[in-house]
Amino acid sequence: MLTQTQGILRVLQSTLHTLPKRNISLSPALNMRLVQFQNSGSQNPKIGLELQDGGNVIDLNAYDPSLPCRMREFLEIGESALQIAKRALDSNQHILSRSEISLLAPISNPEKIICIGMNYVDHCLEQNVPVPKEPIIFSKFASSIVGPSDPIRIPAESKEVDWEVELAFVIGKKGRNIKEEDAMDHVVGFTVAHDVSARDWQMNKNGKQWLLGKTFDTFCPLGPALVTKDAISDPHNLGIRCRVNEDLVQNSNTNQMVFKTEALIAWASKFVTLNPGDIFLTGTPPGVGVFRKPPVFLKAGDVVLCEIDELGAIKNPVV
């Protein structure tokens, strides 16, 4: 019965939400992995380019001191800043060893973090609930953002902290009332996100509003890099996984997303102006702790690894 239901839902998903083609990019290829980082012993953020996933980093601020030191301000400059970064990549200069730096979240001060709930067909099946007909929107505060290896802190107020690996994308160009066919022109790239969730606050307290359960400090690890859209084969056909203490707990594909990037941009931009640096978290696949029998939640000493093909992985200890 489950297999038949899954087939029906996938047909519904395809009929309602699949676009005839994907306008991934109309701009010249950049193929970059943008990062924020700190030099060893420094508290000041800088922007750079990862030469490869887990590799050494080009210091963009050393290449061009006129560039801002934070990613949001860099993206606000627009295409000219990206072209400077591309020239820096081609120059192969100002390379820092990975051992000399620590990565920060690719974006640490967005104006908005827009999150999408119930956005995987298989996650809806896990809960035995209907596939949404419109995107379910909630938010996190920017104070929840931490880097790709920073600790997740379990708050004293919660006993039910859960994991959720998610594909995130970042806005690179301002827009309002954006059409789906133009939406990818407003995306600069994609990254890995962890939508850490206090289920007791999300599901049983505060009138069952999701915000407080989603936005405790450290509840939004991001990284390792902001991978430009043209460096990805297809953001809507990537393996997505989460491991807790090396146990595989989530294992799916972004092709299970109900609403793809273009649809989410078109929907959200009806209500708010999207600005460079805004982050979208696009939902999680099945395998979260709260729906296990019995439920399983994170505890101090756990280590959570969230990974998406072509983007990389973030690995955060729980304290």
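Quick caveat, the model's predicted, so the values are computed rather than measured.

Quick look at helix α4 (residues 79-91) now. If you check α4, its first and last C-alpha atoms are 18 Å apart, about what 13 residues at 1.5 Å a residue would give, namely 18 Å. For α4, the set of buried residues is A81, L82, I84, A85, K86 and A88. Among the structural elements, β1 (33-39), β2 (46-50), β3 (57-59), α2 (60-63), α3 (71-77) and β11 (187-194) are those in contact with the buried residues of α4. Looking one or two residues beyond α4, the residue adopting positive phi is N92, at roughly 60°.

Residues F169, F190, C242, I265, F280, V304 and L311 are the most contacted members of the largest nonpolar core, which totals 55 residues. Non-local contacts of F190, meaning those with residues more than four positions away in its chain, are made with L167, A168, F169, M184, A225, L226, V227, K229, I232, P235, T261 and L311. The next biggest cluster of nonpolar side chains, apart from the first, holds 31 residues, and it includes M32, L82, A193 and L226.

The topology assignment puts L281 in strand β16 (residues 279-281). Taking the C-alpha atoms as reference points, L281 and G117, 164 residues apart in sequence, are found 8.9 Å from one another. The contacts of L281, once residues within four sequence positions are left out, are I113, I114, C115, I116, K140, E166, L167, A168, A193, D195 and C220.

Another point: the packing of aromatic side chains. In the structure shown here, the tally under the stated rule is 5 aromatic pairs. What links up through ring pairs into an aromatic cluster is the set F169, F190 and F280.

Another point: the layout of surface pockets. Roughly 190 Å³ of internal volume is contained in the second largest pocket. Taken together, 18 residues form the lining of the second largest pocket, with M118, H123, R199, Q202 and W210 sitting closest to its centre. Elements supplying a minimum of two residues to the lining of the second largest pocket: β6 (113-117), α5 (121-127) and α6 (199-203). Tallied by class, the residues present in the lining of the second largest pocket amount to 7 nonpolar, 6 polar and 5 charged.

Before going further, it helps to spend a moment on the UniProt feature "domain: Fumarylacetoacetase-like C-terminal" (unreviewed entry) in the protein. UniProt tags residues 112-319 as "domain: Fumarylacetoacetase-like C-terminal" (unreviewed entry). Helix and strand shares over residues 112-319 are 12% and 32% respectively, and the end C-alpha atoms of the span are 27 Å apart.

Per-residue confidence for the protein averages 92 on the pLDDT scale, and 91% of its residues sit at or above 70. Below a pLDDT of 50 lies the segment residues 1-5, which in the model reaches 2 contacts outside its immediate sequence neighbourhood of four places, other chains included. Predicted confidence for residues 11-26 stays below pLDDT 50, and this span has 25 contacts to residues more than four positions away or in other chains.

Most of helix α8 (residues 261-268) sits out of view: 7 of its 8 residues are buried. Among the residues of α8, T261, E262, A263, L264, I265, A266 and A268 are the ones counted as buried. Those residues of α8 hidden inside the fold are in contact with β6, β10 (165-171), β11 and β16.

Across the two faces of strand β18 (residues 312-317) the burial differs, with G312, I314 and N316 buried and A313, K315 and P317 not buried at all. Relative to β18, strand β17 (residues 303-308) is paired through 6 bridges, and the arrangement is antiparallel. Residue pairing in the sheet places L305 in a bridge with K315 of β18. Two successive antiparallel strands, β17 and β18, enclose a turn made up of 3 residues, where E310 displays a positive phi of approximately 75°.

So, on to unusual backbone geometry. The amide bond that connects G223 to the next residue, P224, takes the cis arrangement and shows omega of -5°. Relative to the helices and strands, P224 resides in strand β13 (residues 220-228). Even without being glycine, T218 reaches a positive phi, approximately 75°. With respect to the helices, strands and loops of the structure, T218 is situated in the loop between α7 (211-214) and β13.

Looking now at a nonpolar patch on the surface. A cluster of nonpolar side chains, F141, L211 and L212, forms an exposed patch at the surface whose accessible area comes to about 240 Å². Checked against the element boundaries, F141 lands in the loop between β7 (136-139) and β8 (145-146).

For the coordinates displayed, the defined rule picks out 16 salt bridges. Of the charged contacts in the structure, one is a salt bridge between K140 and D195, with a shortest N-O distance of 2.7 Å. Here the residue K140 occupies a position in the loop between β7 and β8, and D195 occupies one in the loop between β11 and β12 (197-198), the gap between them amounting to 55 residues. According to the relative accessible area criterion, K140 is buried, its value standing at 2%. Residue R241 is joined to E307 by a salt bridge in which the shortest nitrogen-to-oxygen separation is 3.5 Å. Note that R241 is positioned in strand β14 (residues 239-244) and E307 in strand β17, a separation of 66 residues in sequence. Relative accessible area serves as the criterion here: at 24%, E307 is assigned to the partly exposed category. A single network of salt bridges, built from pairs that share partners, joins K140, D162, E164, D195, R199 and K214.

Rules and cut-offs
Residues numbered from 1 in each chain as written. Predicted model: local features only at pLDDT ≥ 70, side-chain atom pairs only at ≥ 80, totals over all residues. Heavy atoms only, no water. Helix = DSSP H or I, 4+ residues; strand = E, 2+ residues; numbered from the N terminus. Expected span 1.5 Å × (residues − 1). Buried < 20%, exposed > 50% of the residue type's maximum accessible area, 1.4 Å probe, protein only. Contact = heavy atoms within 4.5 Å. Core = buried A, V, L, I, M, F, W, Y, C linked by side-chain atoms within 4.5 Å. Phe/Tyr/Trp six-rings, centres within 6.5 Å; stacked < 30°, edge-to-face > 60°. 1 Å grid on protein atoms, 1.4 Å probe; cavity = no way out; pocket = protein on both sides within 12 Å on 5 of 7 lines; lining within 4 Å. Points joined across faces, edges and corners; volume = space filled by probe spheres on them. Nonpolar A, V, L, I, M, F, W, Y, C, P; charged D, E, K, R; others polar. UniProt positions renumbered as here; feature names shortened; annotations may be inferred. pLDDT = per-residue confidence, 0-100. Pairing = 2+ DSSP bridges. Patch = residues over 30% accessible without salt bridge, like charges linked within 9 Å, V, L, I, M, F, W, Y side chains within 5 Å. Areas by Shrake-Rupley, 256 points an atom, 1.4 Å probe, with all protein chains shown as cover. Salt bridge = Lys/Arg side-chain N within 4 Å of Asp/Glu carboxyl O.

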